[in-house]
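Residues per chain are reported as follows:
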Amino acid sequence: AQSVAQPEDQVNVAEGNPLTVKCTYSVSGNPYLFWYVQYPNRGLQFLLKYITGDNLVKGSYGFEAEFNKSQTSFHLKKPSALVSDSALYFCAALNSGYSTLTFGKGTMLLVSP
Amino acid sequence: EADIYQTPRYLVIGTGKKITLECSQTMGHDKMYWYQQDPGMELHLIHYSYGVNSTEKGDLSSESTVSRIRTEHFPLTLESARPSHTSQYLCASSEYPRTGGMDGYTFGSGTRLTVV
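Owing to the predicted nature of the structure, the values given are computational and were not obtained by experimental measurement.

Engineer: Just give me the short version of the nonpolar core, but keep the residues and values in it.
Structural biologist: With 26 residues, the main nonpolar core has A:Trp35, A:Leu47, A:Leu48, A:Phe74, A:Leu76 and A:Tyr89 as its most contacted residues. Breaking this core down by element, the ones donating at least two residues are β2 (10-14), β3 (19-21), β5 (33-38), β6 (44-50), β8 (64-68), β9 (73-78), β10 (87-94) and β12 (107-112) of chain A. Of the residues forming this core, the biggest block, four residues, is contributed by β10(A). Sequence-distant contacts of A:Leu47, defined by excluding residues within four places in its chain, comprise A:Trp35, A:Tyr36, A:Val37, A:Gly59, A:Ser60, A:Tyr61, A:Phe63, A:Leu76 and A:Tyr89. Core analysis: the next-biggest nonpolar cluster, separate from the first, contains 19 residues, A:Leu44, A:Phe90, B:Leu90 and B:Tyr105 among them.

The following block contains the structure:
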């Protein structure tokens, strides 16, 4: 069965420091991977996706993600965190039938001033 | 801004009431979804639709029902609300099958339901 794991419930980082939010996946076939962000009392917003090609994917708001096939990981990164980046982040994988997304449990990112 | 709209944003109702959560999108997307987000913030797929007159149950068993009479509209109904239905409900759509779902989903802002 397909699964997405986000091993950290919460990540704390100081403003200006680099941040990483971890995601690992287990899928059959080629992985199609996504990151979404959710601000309080809002829906999810698309950040970036990996379909094929370069292992480093650039997305919205200065975020990027690194696809690593051997480690089955798709970690979200940003070189310099902002307080406004504080939100809930979800990693997701498109299932083998391309019909639905499987989401991880979410990781709360808290950036302190 | 997202082209998918959910109403109401917040709803407090009494036990036993029938309610319908509305979801509409203006993007012409074929595929639509309902997710339930629990207090721990996990997302659980409860219903989805491939297009008009198509509905499927998701991974999480739900007492709700859905209909898809028009492409743009995917309402979710609870016939008799209970406190266990208290949750945030998120609607989403995707441009399947043309892109195979590879553009991901567009989400609405959600409906926060409280049943007292």
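Engineer: How would you summarise the side chain of B:Gln37 if you had to cite specific residues and measurements?
Structural biologist: Structurally, B:Gln37 can be placed in strand β4 (residues 31-37). Note on B:Gln37: relative accessible area 3%, which makes it buried. Within polar-contact distance, the side chain of B:Gln37 engages the side chain of A:Gln38 at 2.8 Å. Those residues in contact with B:Gln37 that lie beyond four places of it in its chain are A:Gln38, A:Leu88, A:Phe90, B:Glu42, B:Leu43, B:Ser87, B:Gln88 and B:Leu90.

Engineer: Account for the interface of chain B and chain A, naming residues and giving values.
Structural biologist: Chain B puts 26 residues into the contact, and the matching count from chain A is 20 residues. Here chain B and chain A share an interface that buries about 1,900 Å² over both sides, 53% of which is from carbon and sulfur atoms. On inspection of chain B and its partner chain A, the count reaches zero salt bridges. Taken together, the links from chain B to chain A amount to five residue pairs in polar contact (both at pLDDT 80 or more). If one sorts the elements of the side of chain B that touches chain A by residue count, β4(B) sits on top with four residues.

Engineer: Provide a residue-level description of the sheet that holds strand β8 (residues 76-78) of chain B, including the pertinent values.
Structural biologist: Residue and element names in this part refer to chain B. Spatial ordering of the open sheet is given by β1-β3-β8-β7, a layout of four strands whose pairing is antiparallel. Unpaired on one side and paired on the other, β1 (4-7) and β7 (65-66) mark the two borders of the sheet. Strand direction decides the pairing type here: β7 and β8, joined by two bridges, are antiparallel. By the bridge assignment for β8, Thr65 is matched with Thr77.

Engineer: Describe the pairing of β5(A), listing the residues and the values that go with them.
Structural biologist: All names here are of chain A. Burial analysis of β5 places six of its six residues in the buried class, which makes it a mostly covered element. Note that β5 and β6 share six bridges and pair antiparallel. Residue Gln38 lies in a different strand from β6, and its bridge partner there is Leu44. Count of turn residues in the β5/β6 antiparallel hairpin: five residues, of which Asn41 carries a positive phi of about 60 degrees. Here β5 runs beside β10; their pairing, made up of six bridges, is antiparallel.

Engineer: Give a detailed account of the pattern of salt bridges, specifying residues and quantitative values.
Structural biologist: Residue and element names in this part refer to chain B. One pass over the structure, following the stated rule, counts five salt bridges over all chains. Among the ionic pairs, Glu63 bridges to Arg82, the shortest N-O distance being 2.8 Å. Of the two residues, Glu63 is situated in the loop between β6 (56-57) and β7 and Arg82 in the loop between β8 and β9 (87-94); the sequence distance between them amounts to 19 residues. With a relative accessible area of 37%, Arg82 lands in the partly exposed category.

Engineer: So what's going on with the state of the cysteines? Which residues, and what values?
Structural biologist: Residues and elements named next belong to chain A. Inspection of the entire model under this criterion finds two disulfides over all chains. The residue that forms a disulfide with Cys23 is Cys91, at a sulfur-sulfur distance of 2.0 Å. Around the S-S axis, the bridge from Cys23 to Cys91 shows a dihedral of about -65 degrees and counts as left-handed. Placement of Cys23 in the loop between β3 and β4 (24-26) and of Cys91 in strand β10 is noted, with a sequence separation of 68 residues between them. Here Cys23 and Cys91 have matching classes, each one buried.

Engineer: Break down unusual backbone geometry for me, citing the residues and quoting the values.
Structural biologist: The omega torsion of the bond from B:Thr7 to B:Pro8 falls at -10 degrees, within 30 degrees of zero and hence cis. With respect to the element layout, B:Pro8 can be found in the loop between β1 and β2 (10-13). You will see that A:Thr72, though not glycine, has its phi angle at about 45 degrees, which is positive. Along the chain, the position of A:Thr72 falls in the loop between β8 and β9. Backbone geometry places B:Asn53, a non-glycine residue, at a positive phi of 65 degrees. With respect to the helices, strands and loops of the structure, B:Asn53 is situated in the loop between β5 (43-49) and β6.

So, how was this worked out
Residues numbered from 1 in each chain as written. Chains lettered and ligands numbered in written order. Predicted model: local features only at pLDDT ≥ 70, side-chain atom pairs only at ≥ 80, totals over all residues. Heavy atoms only, no water. Core = buried A, V, L, I, M, F, W, Y, C linked by side-chain atoms within 4.5 Å. Buried < 20%, exposed > 50% of the residue type's maximum accessible area, 1.4 Å probe, protein only. Helix = DSSP H or I, 4+ residues; strand = E, 2+ residues; numbered from the N terminus. Contact = heavy atoms within 4.5 Å. Polar contact = N/O pair within 3.5 Å; in protein donor to acceptor, adjacent residues only side chain to side chain. Buried area = accessible area lost by both parts, 1.4 Å probe. Salt bridge = Lys/Arg side-chain N within 4 Å of Asp/Glu carboxyl O. Pairing = 2+ DSSP bridges. Disulfide = S-S within 2.5 Å.

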